[in-house]
Amino acid sequence: LPAYPTSLRFFKSDRLLAGWVKRLASLLVALPLSFLLSACAGVTPLEAEQPLPARETPDSFLLEGRLAIRHGAEQFSARIDWRHDDVHGNTHDEILISSSLGQGIAQLKADAQGAQLETAGQQPVAAQDMDTLSEKIFGVRLPLAGVASWVLGRPLTTSAQVERDERVRPHRLREQGWQIDYLEYENADTHALPTLLFIQRGDIEVRLKVDSWTRLP
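On a predicted model such as this, the values are computed, not experimentally measured, just so you know.

For the rest of this paragraph, the subject is the pattern of salt bridges. Tallied over the entire structure, the rule returns eleven salt bridges. One salt bridge in this structure joins Arg83 and Asp85, with 3.2 Å as the shortest N-O distance. A relative accessible area of 27% places Arg83 in the partly exposed class. The partner of Arg215 in a salt bridge is Glu186, with the nearest N and O atoms 2.3 Å apart. On the criterion of sequence distance, the pair formed by Arg215 in strand S11 (residues 204-216) and Glu186 in the loop between strand S9 (178-185) and strand S10 (194-201) is long-range, its members being 29 residues apart. On the accessibility criterion, Glu186 (30% relative accessible area) is partly exposed. Residues joined in a network through salt bridges with shared partners are Arg66, Arg79 and Asp211.

Set out below in structure tokens:
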């Protein structure tokens, strides 16, 4: 992965978020590789020559990429396979987190009925939604429900501060105390989706490199 800036510090340190890094690292357990790949089966990416839909159009997607988290000297990295379905406002998320060798760390599922984190050999942890689940696991409420919008380059609310590039695509987004920098896009198209994001709050730095986007119907 390309180096990412460590000098982008715009918010007051939030030490509670440091537990996120330690907790994720502690969940490094093995799930079958076939289990990780099964969620991706049967999805066909769009042809390259097809015109891209407007940024506001994709509500459902499949994302495959790499995640890196840093807090001071502590670092954590993993692969991520995320399927997000949104049908008339009813959302369903399945997020599989695995090591670079294909060993599963955790599976996160969320829908209107609630959210649940599953790891091999441990009891599932459940909550009413993803944000509440993050508070139970990590000790601090993280905006997990909002990331589905941010990763597409969309703000959650009209109060968000958005800076745009020369193609009118989001370049920097500030919302809910977080700053999201969009460092790369899949191509030069106005409606291209982000492929490299740098997310920061306090001394927590998160980098997401998207290797593959699939827009789902």
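Turning our eyes to something else, we now look at the nonpolar core. Membership of the largest hydrophobic core comes to 40 residues, with the highest contact counts inside it found for Leu63, Trp82, Val151, Ile180, Leu208 and Trp213. Per-element tally for this core: the top contributor is S11, with five residues. In this view, Trp82 contacts Phe61, Leu62, Leu63, Asp93, Glu94, Ile95, Val147, Ala148 and Val151; residues no more than four positions away in its chain are not counted.

This paragraph deals with the confidence of the model for the protein. When pLDDT is averaged across the protein, the result is 78; 72% of the residues are at 70 or more. Here residues 28-49 scores under 50 on pLDDT; set against residues more than four positions off or in separate chains, the count is 32 contacts.

Where strand S2 (residues 74-87) meets strand S3 (residues 90-98), nine bridges bridge the pair, whose relative direction is antiparallel. What sits directly across from Asp86, in S3, is Thr91. Turn length for the S2-S3 hairpin, with the two strands adjacent in sequence and antiparallel, is two residues, and the turn residue His88 shows positive phi of about 55°. Relative to strand S4 (residues 104-111), S3 runs antiparallel, the two being bridged by six bridges. Each residue of the ladder has a partner; that of Leu96, found in S4, is Gln107. Hairpin connection, S3 to S4: the antiparallel pair is bridged by five residues, and Gly102 has positive phi, about 90°.

Under the counting rule described, the total for this entry stands at three aromatic pairs. Their ring planes at 75° and their centres at 5.2 Å tell us that Phe61 and Trp82 sit as a pair that is edge-to-face. Residue Phe61 is found in strand S1 (residues 60-71), and its partner Trp82 is found in strand S2; the two are separated by 21 residues along the sequence. As far as the burial class goes, Phe61 and Trp82 line up, both buried. Ring geometry for Phe61 versus Trp213: centroids 5.3 Å apart, planes at 75°, classification edge-to-face. Of this pair, Phe61 sits in strand S1 while Trp213 is found in strand S11, placing the two residues 152 residues apart along the sequence. We note that Phe61, like Trp213, is buried. Cluster of aromatic residues (ring-pair linked, three or more members): Phe61, Trp82 and Trp213.

About the cut-offs
Residues numbered from 1 in each chain as written. Predicted model: local features only at pLDDT ≥ 70, side-chain atom pairs only at ≥ 80, totals over all residues. Heavy atoms only, no water. Salt bridge = Lys/Arg side-chain N within 4 Å of Asp/Glu carboxyl O. Buried < 20%, exposed > 50% of the residue type's maximum accessible area, 1.4 Å probe, protein only. Helix = DSSP H or I, 4+ residues; strand = E, 2+ residues; numbered from the N terminus. Core = buried A, V, L, I, M, F, W, Y, C linked by side-chain atoms within 4.5 Å. Contact = heavy atoms within 4.5 Å. pLDDT = per-residue confidence, 0-100. Pairing = 2+ DSSP bridges. Phe/Tyr/Trp six-rings, centres within 6.5 Å; stacked < 30°, edge-to-face > 60°.

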